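# Chains, contacts and geometry: an overview
Chain by chain, the residues run as shown.
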Amino acid sequence: MCKIGILGGTFNPIHLGHIKIALEAKKQYDLDKVIFLTSGNPPHKQNQTILDGKIRHIMVKRALKGYNDFFACDWEVNRKEYSYTLDSLMHFKEIYPNDELYFIIGGDSLRDFDKWHKPLEIKKLCTILVYDRDDGSIESDFAKVIKGEKFDVSSSRIREKIAKGEDVSKYLPAEVLSFILRNHLYQNVPDFEKKLKTMLKPERFSHSLGVRDMAVELAKIYGCDVKKAEIAGLLHDNAKNMPDFMEKCKDLEVELDEIELQNPALIHAKLGAETAKCEFGVSDSEIIDAIRWHTIGRTEMSLLEKIVFVADLTEMGRTFPDVKMIRNYAKIDLDKALYECVKSSVRVNKKDNKPIHPNAYNIMKEFEKKINKKP
Ligand SMILES: [Fe+2]
Ligand SMILES: [Fe+2]
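What you are looking at is a predicted structure, and each value in this text was computed from that prediction instead of being measured.

### Quick word on the overall build of the protein chain
Regarding its fold elements, the protein chain presents 18 helices and six strands. When the backbone C-alpha atoms are referred to their principal axes, the protein chain occupies close to 75 × 45 × 35 Å. Across the 375 residues in the protein chain, those meeting the buried criterion constitute 41%. Nonlocal contacts in the protein chain, meaning residues at least 24 apart in sequence, comprise 66% of its contacts between residues at least 6 apart.

Laid out in structure tokens, this is it:
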């Protein structure tokens, strides 16, 4: 039987205080391992803009390098649903049915514990450990105390300091700090257009403005969120001129398929989805998906994804032979326009001897059916 500690957190970003809590918990309660559980969509933080879970999880992994008994877990990050502690504990109980679970929380969380989702059920599944970072004042009739030292650090203060350009090296593991700095996390970006201009070549920047305008026009026609269309259209190519983009893909753990590796011009879409989160702080998953799928598309596309895909090929700066025809379709039948966009890209890629992504054929098959069903 093992004693497994679980330290849940937003980890936005993970800092040395979190590591200290885990080290003390492990030492004082003789834990065999500690799992750092990065939260996905915390129910109590719904109104805040939180850095995407995948990026937070990457930082947790970097922070835990060298600690053999500490593990990063992205189970909550990969779930679409809200993350309640009880769900996660039931998940771990399933994986470790014969082991003892210790759920580690801070003093603040202990005070609110009764307001958590089904606190009695939680208590049945695990021992609660509470970290006392103050003066030994924490008392509880159900939680066991981890005696700790006071440490003067919180993720929100670290974020504020980074945005002001202040030194935060004493609060963060070195690998986390370098990841934050090279990917420009937690910067306030009041003007996306201004920043984008510094990232792109002039012709790519003016194409981006064209895609933004076309996306906004189409969003108005089809009743899509105009603000989201504006941001996704503007940022869709943000990674297009990124130097060392393969390095960047590795750093941000972008998974590429075979066709993308054969045709690197496609990669900027998936990479751009990640860099939009980092460089611009975009956390809206619909915007991120519209950026991610703007080159290869997919059969199940949201309205915003279709709009950005079509806007990319029909913005006013495009001059290829069929563009006028597709532009006209775009304003009356978005599916038909999307089908024609894909057909036209396939034709161009075939002519240039470039590999065709299987998504293109799937989209054509799927959308042909959709178009034919329409009256
Ligand atoms: Fe693109
Ligand atoms: Fe583009």
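### Quick look at helix H17 (residues 334-351)
Compared with an ideal rise of 1.5 Å per residue, which puts 18 residues at 26 Å, H17 spans 26 Å between its outermost C-alpha atoms and is within 8% of the ideal. Burial in H17 covers these residues: Leu334, Ala337, Leu338, Tyr339, Glu340, Cys341, Val342 and Ser345. On its buried face, H17 sits against helix H9 (202-222), helix H15 (303-314), helix H16 (323-332) and helix H18 (358-373). Just beyond H17, the residue with positive phi is Asn353, at close to 60 degrees.

### Considerations on the domain arrangement of the protein chain
As far as domains go, the protein chain holds domain 1 (3-182) and domain 2 (192-373). For domain 1 and domain 2, the distance between their C-alpha centres works out to 37 Å. Taken residue by residue, the interface counts six residues in domain 1 and five residues in domain 2. When grouped by side-chain class, the residues that make up the side of domain 1 that touches domain 2 number four nonpolar, one polar and one charged.

### Some thoughts on helix H1 (residues 16-29)
Every α-helix carries 3.6 residues per turn, so stepping three or four residues along brings you back to the same face. Here H1 contains 14 residues, and its C-alpha end-to-end distance of 20 Å stays within 8% of the 20 Å for a straight helix at 1.5 Å per residue. Burial in H1 covers these residues: Gly17, His18, Ile21, Ala22, Ala25 and Lys26. As for H1, its buried residues are in contact with strand E1 (3-9), strand E2 (33-38), strand E3 (70-73), strand E4 (100-106), strand E5 (127-132) and strand E6 (144-147). Once H1 finishes, Asp30 follows within two positions and takes phi at roughly 55 degrees, a positive value.

### Here's the deal with unusual backbone geometry
With omega at 0 degrees, the peptide bond leading from Asn12 into Pro13 counts as cis. The topology assignment puts Pro13 in the loop between E1 and H1. Of note, Asp30 is a non-glycine position whose phi angle comes to about 55 degrees, a positive value. Structurally, Asp30 can be placed in the loop between H1 and E2.

### Side note on the environment of Ile55
Inspection of the secondary structure puts Ile55 in helix H2 (residues 53-63). Of the residues examined, Ile55 has 22 C-beta atoms within 10 Å and is grouped as buried. A sequence separation of 70 residues divides Ile55 from Leu125, and the C-alpha atoms of the two residues are 29 Å apart.

### As for the environment of Lys161
Turning to its location among the elements, Lys161 is positioned in helix H6 (residues 155-163). The partly exposed category is assigned to Lys161, around which 14 C-beta atoms lie within 10 Å. As a C-alpha pair, Lys161 and Leu177 span 16 residues in sequence and 12 Å in three-dimensional space. Look past the residues within four positions of Lys161 in its chain and what remains in contact with it is Glu166 and Val168.

### Let's talk about the nonpolar core
Counting 47 residues, the largest nonpolar core has Ile6, Phe36, Met59 and Ile104 as its most contacted members. Broken down by element, the residue count for this core peaks at five residues, all from H2. Sequence-distant contacts of Ile104, defined by excluding residues within four places in its chain, comprise Gly5, Ile6, Leu7, Ile21, Ala25, Leu129 and Tyr131. In this structure, Ala219, Ala229, Leu234 and Ala276 belong to the second largest nonpolar core, which totals 42 residues.

### Some thoughts on the packing of helix H14 (residues 285-292) against H15
Remark: H14 packs on H15, axes separated minimally by 8 Å, with the N-to-C direction vectors making an angle of 40 degrees. The pairing of H14 with H15 is recorded here as oblique in orientation. Both H14 and H15 take part in a crossing whose hand is right-handed. Across from Glu286, Asp289 and Ala290 in H14, the residues of H15 making contact are Leu304, Glu305 and Val308. A breakdown of the residues in the contact of H14 with H15 according to their chemical character gives three nonpolar, no polar and three charged.

### Remarks on the sheet that holds E2
If you trace the six strands from one edge of the open sheet to the other, you get E3-E2-E1-E4-E5-E6, paired in parallel fashion. The strands lining the two open edges of the sheet, one partner per strand, are E3 and E6. This sheet shows a mean twist of 30 degrees between the axes of neighbouring strands, independent of strand direction. Each of E2 and E3 is contacted by H2, which is oriented at about 155 degrees to E2, the strand it contacts most. With respect to the sheet, helix H3 (residues 85-95) is in contact with E1, E2 and E4, its orientation differing from that of E4 by roughly 150 degrees.

### Section: the environment of Leu16
Tracing the backbone shows Leu16 in helix H1. Residues Leu16 and Ala290, spaced 274 residues apart in sequence, show a C-alpha to C-alpha distance of 35 Å. Leave out the neighbours within four places in its chain, and Leu16 touches Val153, Tyr171, Leu172 and Pro173.

The rules we used
- Residues numbered from 1 in each chain as written.
- Chains lettered and ligands numbered in written order.
- Predicted model: local features only at pLDDT ≥ 70, side-chain atom pairs only at ≥ 80, totals over all residues.
- Helix = DSSP H or I, 4+ residues; strand = E, 2+ residues; numbered from the N terminus.
- Buried ≥ 20, exposed ≤ 12 C-beta atoms within 10 Å, placed from the backbone.
- Contact = placed C-beta atoms within 7 Å.
- Expected span 1.5 Å × (residues − 1).
- Domains from an automatic or database assignment.
- Nonpolar A, V, L, I, M, F, W, Y, C, P; charged D, E, K, R; others polar.
- Core = buried A, V, L, I, M, F, W, Y, C linked by C-beta atoms within 7 Å.
- Axes fitted to C-alpha atoms, helices over the stretch in contact; angles between N-to-C directions.
- Parallel < 35°, antiparallel > 145°, perpendicular 65-115°, else oblique.
- Left-handed = near helix turned anticlockwise from the far one by under 90°.
- Pairing = 2+ DSSP bridges.

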